[in-house]
Amino acid sequence: MSSREKILAAVARNQPEAVALPDLNALKDAAQLAEPADLLEKYITVLTGIGGTAYQVGSYEDITGILNVQFPEGRIVNTVTELHPHHQSHVFEDDIHSLENVELAIIKAHFAVAENGAVWVTEELMGKRVLPFICQHLVVIVPANQVVATMHKAYEQISNRSYGYGAFIAGPSKTADIEQSLVLGAHGPRSMNVFLLG
Amino acid sequence: MESKDHAALAEVFNKDEDRVSWHDETLWWIRQKRDKNVHQLPEWELLRETASQIKFNVLSNLSTYLEQFEKNATCNGIKIHWAADAKEHNDIVLGLLKEHQINRMVKSKSMLTEECGLNDYLASHGIDVIDSDLGERIVQLAGEHPSHIVLPCIHKKKGEIGDLFHKYLGTPSNVDDPQFLTETARQHLREIFLTRRAALTGVNFAIAETGEFVVCTNEGNADMGTNLAEVHIASMGIEKLIPKREHLGVFLRLLTRSATGQPITTYSSHYSKPRDGKQIHIVLVDNGRSVQLGREDFRNSLKCIRCGACMNTCPVYRRSGGHSYHTAVAGPIGSILAPNLDMRKYADLPFASTLCGSCSNVCPVKIDIHQQLYKWRQVLVKAGYAPTVKKIAMQLMAATLASPTLYHAAGKMGRATIKFAPFAVNNKLNPWYKQRDMPAPPKESFGEWYARNRAGSQEPGV
Ligand code: SF4
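The structure presented is a predicted model; accordingly, all values stated were derived computationally and were not measured. (Residues numbered from 1 in each chain as written. Chains lettered and ligands numbered in written order. Predicted model: local features only at pLDDT ≥ 70, side-chain atom pairs only at ≥ 80, totals over all residues. Heavy atoms only, no water.)

(A) How the structure looks around the overall build of chain B. Along its length, chain B carries 22 helices and ten strands. Counting over 462 residues, chain B shows a buried share of 64%. In chain B, of all internal contacts separated by at least 6 residues, the share reaching a separation of at least 24 is 75%. Element-wise, carbon and sulfur atoms account for 52% of the exposed surface of chain B, whose accessible area totals about 16,400 Å². (Helix = DSSP H or I, 4+ residues; strand = E, 2+ residues; numbered from the N terminus. Buried < 20%, exposed > 50% of the residue type's maximum accessible area, 1.4 Å probe, protein only. Contact = heavy atoms within 4.5 Å. Areas by Shrake-Rupley, 256 points an atom, 1.4 Å probe, with all protein chains shown as cover.)

(B) Representation of the sheet that holds strand 3 (residues 102-108) of chain A in the model. Residue and element names in this part refer to chain A. Spatial strand order, 1-11-6-3-2: five strands in an open sheet with parallel pairing. Where the open sheet ends on each side, the last strands, each with one partner, are strand 1 (53-57) and strand 2 (75-78). The mean angle between the axes of side-by-side strands here comes to 20°, regardless of whether they run parallel or antiparallel. As paired elements, strand 6 (residues 137-143) and strand 11 (residues 191-197) share seven bridges and run parallel to each other. In the sheet register, Val139 faces strand 11, and the bridge partner there is Asn193. Where helix 3 (residues 39-49) meets the sheet, its contacts fall on strand 1 and strand 11, and the angle it forms with strand 11 comes to roughly 170°. (Pairing = 2+ DSSP bridges. Axes fitted to C-alpha atoms, helices over the stretch in contact; angles between N-to-C directions.)

(C) Region of interest: the interface of chain B and chain A. Taken residue by residue, the interface counts 93 residues in chain B and 73 residues in chain A. In total, chain B and chain A occlude about 6,900 Å² of area from one another, counting both sides; carbon and sulfur atoms represent 60% of this. Three residues, Arg186, Arg245 and Tyr267 of chain B, lead the burial of chain B against chain A; their summed loss comes to 10% of the area buried on that side. Applying the counting rule to chain B against chain A returns six salt bridges. In this structure, the salt-bridge partner of Arg190 of chain A is Glu183 of chain B, at a minimum N-O distance of 2.8 Å. There are 41 residue pairs in polar contact (both at pLDDT 80 or more) connecting chain B and chain A. (Buried area = accessible area lost by both parts, 1.4 Å probe. Salt bridge = Lys/Arg side-chain N within 4 Å of Asp/Glu carboxyl O. Polar contact = N/O pair within 3.5 Å; in protein donor to acceptor, adjacent residues only side chain to side chain.)

(D) Expanded view of the pattern of salt bridges. Residue and element names in this part refer to chain A. With the rule as written, the count across this model stands at 31 salt bridges over all chains. Lys28 is paired through a salt bridge with Glu156; the nearest N and O atoms lie 3.2 Å apart. Separated by 128 residues along the polypeptide, Lys28 in helix 2 (residues 25-33) and Glu156 in helix 7 (residues 151-158) bring together distant segments of the chain. What makes Glu156 partly exposed here is its relative accessible area of 43%.

(E) How the structure looks around the environment of Ile233 of chain B. Mapped onto the secondary structure, Ile233 of chain B falls in strand 7 (residues 231-237). Along the chain, Ile233 of chain B and Ser110 of chain B lie 123 residues apart, while their C-alpha atoms are 11 Å from each other.

(F) Molecular detail of the site of the ligand. Close contacts around the ligand come from 13 residues, with Cys304, Cys307, Gly308, Cys310 and Cys363 of chain B the closest. Considering only residue class, the shell around the ligand consists of eleven nonpolar, one polar and one charged. (Near = heavy atom within 4 Å. Nonpolar A, V, L, I, M, F, W, Y, C, P; charged D, E, K, R; others polar.)

(G) Layout of the pairing of strand 6 (residues 213-217) of chain B. All names here are of chain B. Burial within strand 6 is extensive, with five of its five residues counted as buried. Alternating residues of strand 6 divide into Phe213, Val215 and Thr217 and Val214 and Cys216, and every residue in both groups is buried. Here strand 5 (residues 205-207) hands over to strand 6 after five residues, with Gly211 in that stretch at a positive phi of 75°. In terms of strand pairing, strand 6 meets strand 9 (residues 267-271) through five bridges, oriented antiparallel. Across the sheet, the residue bridging to Val214 is His270, located in strand 9.

(H) Region of interest: the side chain of Glu212 of chain B. In this structure, Glu212 of chain B sits in the loop between strand 5 and strand 6. Side-chain polar atoms of Glu212 of chain B contact the side chain of Thr210 of chain B, separated by 2.7 Å. In this view, Glu212 of chain B contacts Tyr163 of chain A together with Phe69, Asn76, Phe205, Ala206, Ile207, Arg245, His270, Tyr271 and Ser272 of chain B; residues no more than four positions away in its chain are not counted.

(I) Spatial organisation of the environment of Ala234 of chain B. Residues and elements named next belong to chain B. Structurally, Ala234 can be placed in strand 7. Judged by relative accessible area, Ala234 falls into the buried class, the value being 0%. In sequence terms Ala234 and Ser110 are 124 residues apart; their C-alpha atoms lie 9.0 Å from each other. Excluding residues within four positions of it along the chain, Ala234 makes contact with Thr201, Val203, Phe213, His281, Ile282 and Val283.

(J) Here's a closer look at helix 9 (residues 158-169) of chain B. All names here are of chain B. The set of residues buried in helix 9 consists of Ile161, Gly162, Leu164 and Phe165. The arc that holds every buried residue of helix 9, seen down its axis, measures 160°, which confines them to one face. Residues of helix 9 that are buried in the fold lie against helix 8 (134-141) and helix 10 (178-195). (Arc of directions from axis to C-beta.)

(K) Quick look at unusual backbone geometry. All names here are of chain B. Its identity as a non-glycine residue notwithstanding, Gln101 has a phi of 50°, on the positive side. Counting through the fold element by element, Gln101 comes out in the loop between helix 5 (86-99) and strand 2 (104-107). Not every positive phi belongs to a glycine, and Asn287 is a case in point at roughly 40°. Along the chain, the position of Asn287 falls in the loop between strand 10 (279-285) and helix 13 (289-294).

(L) Examining the sheet that holds strand 7 of chain B more closely. All names here are of chain B. As summarised here, the arrangement of the six strands in space is 1-10-7-4-2-3, forming an open sheet in which the pairing is parallel. In this open sheet, the two strands that pair with only one neighbour each are strand 1 (79-83) and strand 3 (128-131). Each neighbouring strand pair of the sheet contributes to a mean axis angle of 25°, computed without reference to strand direction. Where strand 2 lies against strand 4 (residues 198-201), three bridges are found, and the strand directions are parallel. Bridge pairing links Met105 to Ala198 in strand 4.

Below, the structure is given as structure tokens:
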């Protein structure tokens with residue numbers, strides 16, 4: 001018998017009698033009752049609390065203006081076509097290691113989550129999977145009306161969509177492994193800048 | 001075994017009183033951060049209850065979910081491997097590396113590979129493994145193992161870390177600034193990420209319905225490793241499955257709030273398909289889990305999502321340190337998991353507890369941790385494995401608790417129990433309490449514990 005058969009047989013033999021899955025609706029209703037009135041405000045508060053920076057902007061021009069001041073130097077890789085004149089980039093798979101010197105990566109996110117400051121990004125928005133991690137600083141653009149309250153709402157939004165790779169990203173990379181002192185910029189970006197557009 | 005049991009190892013840890021106090025306070029501070037965050041969610045208890053029910057469903061349908069997951073992950077282009085035990089897991093990983101002629105690998109946090117002793121095994125076959133989580137890298141440089149499943153080097157002071165970095169990473173001597181040391185590790189590990197063709201990660205959750213799996217980190221080290229490598233190997237215990245994607249909404253809300261008091265980890269990465277031309281392999285590991293599933297009294301321990309909350313809150317863990325548990329997963333939950341693998345070797349662990357119940361009250365998936373510890377004591381004593389000194393305590397304890405008259409008399413008799421339950425007082429019979437400046441033994445709270453326990457209610461204010 002292969003290990004596969006052995007494991008499956010042992011599990012089938014030892015697992016208890018079937019227990020039904022709980023209905024998530026009661027929980028979702030309770031979570032909804034506790035939702036803050038202003039999701040955008042909540043999102044900004046939470047993001048700031050976890051070390052991120054939020055900008056409320058009205059247009060892509062506004063974003064360009066801020067980026068020109070905040071990130072005047074270094075290599076920029078931008079995957080957002082609306083954002084001229086920032087560099088468009090076509091990085092080939094064989095060349096992903098060259099992203100190592102990227103100062104700033106600019107990507108879009110599908111939506112943001114108020115309760116934890118996260119944004120949801122899938123592969124096609126990242127350009128390359130490693131981009132939002134390898135850059136020194138990360139800019140994420142998300143429509144201001146795409147802020148959901150909780151992770152329950154987030155997964156309702158994601159639903160059964162297919163993706164090769166997706167990530168919730170909540171703030172800059174961080175660690176507190178040395179005596180619980182919080183340090184931003186562990187392996188990934190040192191800053192996360194979320195532009196809430198609209 | 002006596003030379004290596006929890007009490008003896010705790011005594012070693014307790015020689016440095018300042019460190020013990022600091023360790024204790026730091027973990028308690030994390031527990032308080034957890035409370036603060038948790039209190040912001042009025043639906044917290046319902047969230048825990050829902051998570052608990054989902055996990056019960058998982059355990060009762062595990063064989064079906066495993067097959068479903070295998071099928072869907074395979075459709076997504078992921079290769080599934082099955083490992084009956086630690087040895088087979090290690091062999092599969094080694095085989096994959098050899099197949100690709102890879103002799104250097106970067107790894108992110110995986111307590112399962114600790115359980116399997118993967119690093120040593122690969123090293124003995126000439127494979128260099130570098131742990132990329134900062135805390136794990138630190139203990140690796142020190143030649144140690146993680147002392148906590150979420151905070152691997154919580155037992156180390158920054159001065160010691162500075163010395164390690166000075167010795168191995170070339171920092172100036174006597175520099176212990178966390179910012180500086182972290183930056184040093186960042187530069188050092190960046191070079192590793194950029195040059196390793198294989199990356200191994202753990203798995204926090206795997207979804208039967210979609211065949212995807214989720215890895216959570218704050219540092220971004222898992223993603224840096226996997227998204228640059230050609231081969232991604234994910235090691236996963238078979239109990240990590242959950243039925244549907246929407247259930248992630250429940251578990252991701254619970255995990256980090258319970259672990260560190262953060263609302264979510266910085267990165268919650270969902271791996272569904274490999275990058276074009278690259279590979280993802282998942283090693284599904286049993287290593288005693290199917291046996292534990294068959295132990296009615298202990299199967300609930302397989303609900304664990306490894307948040308570490310039970311350790312942070314445990315008065316024994318906080319004052320004895322993770323290494324005293326001489327097993328990969330320390331603390332209350334580790335003390336339930338370890339005897340399943342080897343009753344003789346880990347017979348001491350279920351006794352390394354005051355049975356105060358704080359662990360059960362913080363556990364996000366509502367595992368009855370302290371009750372299982374108590375049940376293990378009975379099993380171990382019956383099987384003749386209990387440590388001798390503890391055996392006496394155990395018998396008194398058992399006599400008391402086994403009597404319905406005593407058991408039901410919570411108030412006065414509860415206090416009387418204290419007198420006869422040496423594990424809860426400073427008594428020579430209990431090596432645990434040697435040298436410990438514990439809060440007054442819980443005369444009142446033990447009685448309260450009884451009352452609470454009988455009523456099945458929650459820890460106040462949680
Ligand atoms: S037993 Fe519960 S509290 Fe302890 S690590 Fe597991 S999930 Fe967390």
